[in-house]
Amino acid sequence: MEKKPYYITTAIAYTSGKPHIGNTYEAVLADSIARYKRLEGYDVYFQTGTDEHGQKIEQKAAEQNITPKAFVDGVAGEIRTIWDRMNTSYDKFIRTTDTDHERQVQKIFKKLYDKGDIYKGSYEGLYCTPCESFWTESQLVDGKCPDCGREVKPAKEEAYFFRMSKYADRLIEHINTHPEFIQPVSRKNEMMNNFLLPGLQDLCVSRTSFKWGIPVNFDDRHVIYVWIDALSNYITGIGYDADGASAEQFGKFWPADLHLIGKDILRFHTIYWPIMLMALDVPLPKQIFGHPWLLRTDESGGSVKMSKSRGNVLYADDLADLFGVDAVRYFVLHEMPFDNDGAVSWELMAERINSDLANTLGNLVNRTISMSNKYFGGVVEDAGISEEVDAGLKAVAAGTADRVAEKMKELRVADAITEIFTLFKRCNKYIDETMPWALAKDEAKQGRLKTVLYNLVEGISIGAALLEPFMPETTEKILAQLHAEKRGLSECRSFGGYVSGTKVTDAPEILFARLDMKEVQEKAVKVAEAQKAEAAAEEAKGTAASGDGAAKAGAGTAADGAADADSPSVIDLAPKPEITYDDFAKLQFQVGEIIACEEVKKSKKLLCSQVKIGSQVKQIVSGIKAHYSAQEMVGKKVMVLVNLKPATLAGVLSEGMLLCAEDENGKLALMTPEKPMPAGAEIC
RNA sequence: GGCGAAGUAGCUCAGCUGGCUAGAGCACACGGUUCAUACCCGUGGUGUCGAGGGUUCAAGUCCCCCCUUCGCUACCA
């Protein structure tokens, strides 16, 4: 019988830096599903890879004085090394710099262009620079950017756009009729309510502001922006051809069964990607699962994102060095909730490893083998002397495979693992119920003792076999120690598959050593210090990252989280068009003194200040609540853009703008005169 | 502000269409056991099921309102 195909993908990791354990989690999770599906008899194709274009990478490479290609070769290699170390069994590691991918992306772009779904933007005067967005006349609100309310300007940068709205209704219909399409379901509402139902805007799909990307082959001033480039990997990787000459493999594996991605990029995968496919007349993937994030616990027990400057980034290889690869896999797979963010720390890991892996599992295998050796020279045979107590163990052992299958059907990997460990616990209990050491003292009970040990070895064998998708090395180690044969899922559904009379190893190896919490903590401190030092060194060296919004939004791939770690000492912005002195002279800047300030109740970010400028007082609303309290604002002398057209924000009138500097993390600092100045002094 | 999710044992969470004394894992305490990696087995919670109302013979489970947290989104003049 022909095996049924199963195609699973991860997001491709952005090659701006080394991925942390949260990013690695995605690859491991996908791997466990892929391995399980193989066990179920599917012909699995598991694809992962790297997203390697974009301005951010262009800049990073420039800082290191190497070509972008050399830069991404390095990082992609590093990522692949980590994936390999974690034993991810991918069938293909695609890179967006692969020539066949690049060629197909160009073809796809051209095809969409020829079809009229991509068009060259010609919206003169309607570009909002801060939002990096183009708008149609009808989209404007009071003639201003509907996003931010600012003036829109003539666009110097032409760009290509994707007609999203054309397919919106079809997509809404599809989502409504395929409840399994977006997982978890709570995310479906977010996509519907925030994007689809209010109406989709056309998407900008090319850039001229940087060069490191796939050129538009009929207009080489443009490079193809991340969406079409990165998302296409799912089809180019299995041989899609835009001209209809797709490889056989594509016909076999597409549509994908599962796109496994981080919850942060769900929007791109559940809206833009399906629409792209519709435009290409390609079927949609069956399911998209936006998994939660693995966060870091902080000192107070709360959860925070990882960042190098905090010294709290956890890397898979550091963790694997201390705990071992399977322990790390176990932790991320077992501890991550299905739809909530999970937390990880050195201590939490050590706790789980001690209680689950060392105590429950490791010790079970060890004590069982020891007894076999002690009582029967290592030979395990079923003497056929059963008692009633055996039924409990057998029922759990033979039923575990089905329970695991049930959980895996819903991608509840953590619960599936729990089922397997329930079996191991049952084995431990069985030892207490039967008390082999007591049987050993009774000459007449030798047969019974043999059967008891056989049952134990068989129970462990079944558990070990089922554990393979999650902890492949451990499965191998256990089976090797028991000299048990590999078995398929169906052979896990009946009790008694272990070959009677087999001799187990006489030198049981410790599977997972118990960890000393103090040592773990010391190691954690060391790693944190090394990281902080490294972060400081990089800052001193002036290793800058880009503050470019394009890279931020664009990538949205797994490695993104690592990006906010860097603290550049300089920031480069995309240059705006040159202006004349007359343009400048239109702006009136003055020193303003804040004489009163209060929070705007109905908003999260806004403060409303009364600003004294000369003899008049203006009311100005600013989005700086996260950076300044209302009290500390009072008394400050700040730089004010005075002649800005008044606007209403959150229902409050604002008659100007307080100027701030902003770093790449969005941190704000008010501009204040360096020497005392009277309120109203002109800034020119 | 809009949409959504969640608030259950010290911690992490299960509890579907309402129904017997509200559960699991971890941690902790005590008891048992000794084959084993000071391990395993057993026992132990008076938890106001966020607050307050309501429907019902019966509510953690349905309705209303409030509080808190979180996610997405808008507001960053």
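Residues numbered from 1 in each chain as written. Chains lettered and ligands numbered in written order. Predicted model: local features only at pLDDT ≥ 70, side-chain atom pairs only at ≥ 80, totals over all residues. Heavy atoms only, no water.

**Student:** It is not clear to me how the nonpolar core should be interpreted in this structure. Could you clarify?
**Tutor:** For soluble globular proteins, nonpolar side chains are generally found buried alongside one another. Counting 108 residues, the largest nonpolar core has Ile-8, Ile-21, Ile-33, Phe-323, Phe-470 and Leu-482 as the members making the most contacts within it. Non-local contacts of Phe-470, meaning those with residues more than four positions away in its chain, are made with Ser-32, Arg-329, Leu-333, Met-408, Val-413, Ala-416, Ile-417 and Ile-420. By size, the runner-up hydrophobic cluster in this structure holds 62 residues, among which are Ile-182, Leu-203, Tyr-234 and Ile-271. (Core = buried A, V, L, I, M, F, W, Y, C linked by side-chain atoms within 4.5 Å. Buried < 20%, exposed > 50% of the residue type's maximum accessible area, 1.4 Å probe, protein only. Contact = heavy atoms within 4.5 Å.)

**Student:** Hey, could you run me through unusual backbone geometry in this one?
**Tutor:** Glycine aside, negative phi is the norm for most residues, and most peptide bonds take the trans geometry. Gln-183 connects to Pro-184 through a cis peptide bond whose omega is -10°. Its identity as a non-glycine residue notwithstanding, Asp-281 has a phi of 65°, on the positive side. Tracing the sequence through the fold places Asp-281 in the loop between helix 10 (266-280) and strand 15 (288-291). The exposure class of Asp-281 is exposed, given its relative accessible area of 65%. In this structure, Met-435 takes a positive phi of about 45° despite not being glycine. On the secondary structure map, Met-435 appears in the loop between helix 15 (413-434) and helix 16 (436-440). (Helix = DSSP H or I, 4+ residues; strand = E, 2+ residues; numbered from the N terminus.)

**Student:** Where do I start with the pattern of salt bridges in this structure?
**Tutor:** Two side chains with opposite charge may pair up if their charged atoms get near one another. Tallied over the full model, the rule gives 31 salt bridges. Note that Arg-187 is salt-bridged to Glu-190, the shortest N-O span being 3.1 Å. One end of the pair is Arg-187 and the other is Glu-190, both in helix 6 (residues 185-196) and three residues apart, which spans about a single turn. Look at Arg-187 and you get buried, because its relative accessible area is 18%. According to the relative accessible area criterion, Glu-190 is partly exposed, its value standing at 34%. In this structure, the salt-bridge partner of Arg-221 is Asp-219, at a minimum N-O distance of 3.5 Å. Take Arg-221: its relative accessible area is 44%, and that puts it in the partly exposed class. One network of salt bridges, in which partners are shared, links Asp-31, Arg-35, Arg-329 and Glu-468. (Salt bridge = Lys/Arg side-chain N within 4 Å of Asp/Glu carboxyl O.)

**Student:** Help me understand the sheet that holds strand 11 (residues 206-207) in this model?
**Tutor:** Strand pairing in a sheet relies on backbone hydrogen bonds. The paired strands run either parallel or antiparallel. The three strands lie next to each other as 11-13-12, forming an open sheet whose pairing is antiparallel. Each end of this open sheet is capped by a strand with a single partner; those strands are strand 11 and strand 12 (214-215). Bridge analysis of strand 11 against strand 13 (residues 223-224) gives two bridges, and the strand direction is antiparallel. Within strand 13, the residue paired with Arg-207 across the bridge is Val-223. (Pairing = 2+ DSSP bridges.)

**Student:** Would you explain helix 17 (residues 446-467) in this entry?
**Tutor:** Think of an α-helix as 3.6 residues a turn; residues three or four steps apart then line up on the same face. In this model, helix 17 (22 residues) spans 31 Å end to end at C-alpha, consistent with the 32 Å of a helix rising 1.5 Å per residue. Most of helix 17 sits out of view: 20 of its 22 residues are buried. (Expected span 1.5 Å × (residues − 1).)

**Student:** I keep staring at the packing of aromatic side chains and nothing clicks. Help me out?
**Tutor:** By convention here, two paired aromatic rings are described through the distance between centres and the angle between planes. Summed over the entire model, instances satisfying the criterion amount to 24 aromatic pairs. Ring geometry for Tyr-330 versus Phe-421: centroids 5.2 Å apart, planes at 50°, classification tilted. A residue pair is termed long-range when its members are at least 10 positions apart, and Tyr-330 in helix 12 (residues 325-335) and Phe-421 in helix 15 qualify at 91 residues. By the burial criterion, Tyr-330 is buried, and Phe-421 matches it. Measuring from ring centre to ring centre gives 6.0 Å for Tyr-454 and Tyr-498, while their planes differ by 55°; the resulting arrangement is tilted. Here the residue Tyr-454 occupies a position in helix 17, and Tyr-498 occupies one in the loop between helix 18 (472-482) and strand 20 (502-503), the gap between them amounting to 44 residues. (Phe/Tyr/Trp six-rings, centres within 6.5 Å; stacked < 30°, edge-to-face > 60°.)

**Student:** How should I be thinking about the sheet that holds strand 5 (residues 118-120) in this particular structure?
**Tutor:** Pairing is antiparallel across the open sheet formed by three strands, whose spatial order is 5-8-10. Single-partner strands in this sheet number two, and they are strand 5 and strand 10 (203-204). As defined by bridge partners, strand 5 adjoins strand 8 (residues 160-162) across three bridges and the pair is classed as antiparallel. Directly across from Ile-118, in strand 8, lies its bridge partner Phe-162. Sitting on the sheet, helix 4 (residues 99-115) touches strand 5 and strand 8, and the angle it makes with strand 5 is about 80°. (Axes fitted to C-alpha atoms, helices over the stretch in contact; angles between N-to-C directions.)

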